[in-house]
Amino acid sequence: FQVFAARCESAFPSLLALPPHAQQALALWAKEGASDSLRVSALCALKHLGKVVRDPETNGAIGNVLVTATQSSSSIIVAAEAVNAMFDVYAEDDLNQSVLVPLRLLDCLVAFQDPFRNGAVQWLKEHKEAARHSPEIRSQAAMLREVKANLPRFIAYKRSMGM
């Protein structure tokens, strides 16, 4: 899926070519993947799909998967990837009223903010030494720090837009 996600961004300007059953499989893997790695990869692919599919119904379904992954994941890495996907998919304001408000996405992110910050700090402490030796853990640590920094900014921005 890592290769798939990279190709999605560069080679496929529109992921609408994915048949509905493939989109549903990505959603299922994002929610119930056998491993955190599979869930993160599926979330990444859904992020790219959500950036190009702007119709409210389909994008709302993607948003629902992202919210569910954020709220239900026991892995801080999976939850952070879901939040990072929300940043990318919903950076533009075209879906604020048709998708973000009905999903109560901003409420989800506000409620998630403190537990995430605490979990990220704990994870970063526990993996500090391993991050020095493992490029994968170093990358995960960088992503956690990025999401931790961007979460309050994203919430403030969306609130300034009247949400």
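Our subject is the structure that appears above.
None of the values given here were measured: they were computed from a predicted structure.

Draft legend 1. Main features of the nonpolar core. Membership of the largest hydrophobic core comes to 48 residues, with the highest contact counts inside it found for Tyr90, Leu105, Leu109, Phe116, Trp123, Leu144 and Leu151. Counting residues per element, the ones that place at least two in this core are α2 (20-32), α3 (36-52), α4 (56-72), α5 (76-89), α6 (96-103), α7 (105-126) and α9 (135-160). Examining the composition of this core, we find that 11 residues originate from one element, α5, more than from any other. Excluding residues that lie within four positions of it along the chain, phenylalanine 116 makes contacts with Ile76, Ala80, Leu144, Val147, Lys148 and Leu151.

Draft legend 2. Just α9, in detail. Its 26 residues place the ends of α9 37 Å apart at the C-alpha level, agreeing with the 38 Å of an ideal helix rising 1.5 Å per residue. Along α9, the helix axis deviates most sharply at asparagine 150, where the bend reaches about 30°; the proline proline 152 sits within four residues downstream. Residues of α9 that are buried make contact with α5, α6, α7 and α8 (128-133). Positive phi shows up at glycine 162, right after α9, with a value of about 90°.

Draft legend 3. Spatial organisation of the environment of methionine 163. By secondary structure assignment, the location of methionine 163 is in the segment after α9. On the accessibility criterion, methionine 163 (24% relative accessible area) is partly exposed.

Draft legend 4. Representation of the pattern of salt bridges. What the rule picks out here adds up to 7 salt bridges. The residue glutamate 81 makes a salt bridge to lysine 47 at a minimum N-O spacing of 3.9 Å. Linking glutamate 81 in helix α5 with lysine 47 in helix α3, this pair joins segments that are 34 residues apart in sequence. With a relative accessible area of 9%, lysine 47 lands in the buried category. Several salt bridges share partner residues, and in doing so they unite Lys47, Glu81 and Asp88 into one network.

Calculation rules
Residues numbered from 1 in each chain as written. Predicted model: local features only at pLDDT ≥ 70, side-chain atom pairs only at ≥ 80, totals over all residues. Heavy atoms only, no water. Core = buried A, V, L, I, M, F, W, Y, C linked by side-chain atoms within 4.5 Å. Buried < 20%, exposed > 50% of the residue type's maximum accessible area, 1.4 Å probe, protein only. Helix = DSSP H or I, 4+ residues; strand = E, 2+ residues; numbered from the N terminus. Contact = heavy atoms within 4.5 Å. Expected span 1.5 Å × (residues − 1). Bend = angle between axes of the 7 residues up to and from the residue. Salt bridge = Lys/Arg side-chain N within 4 Å of Asp/Glu carboxyl O.

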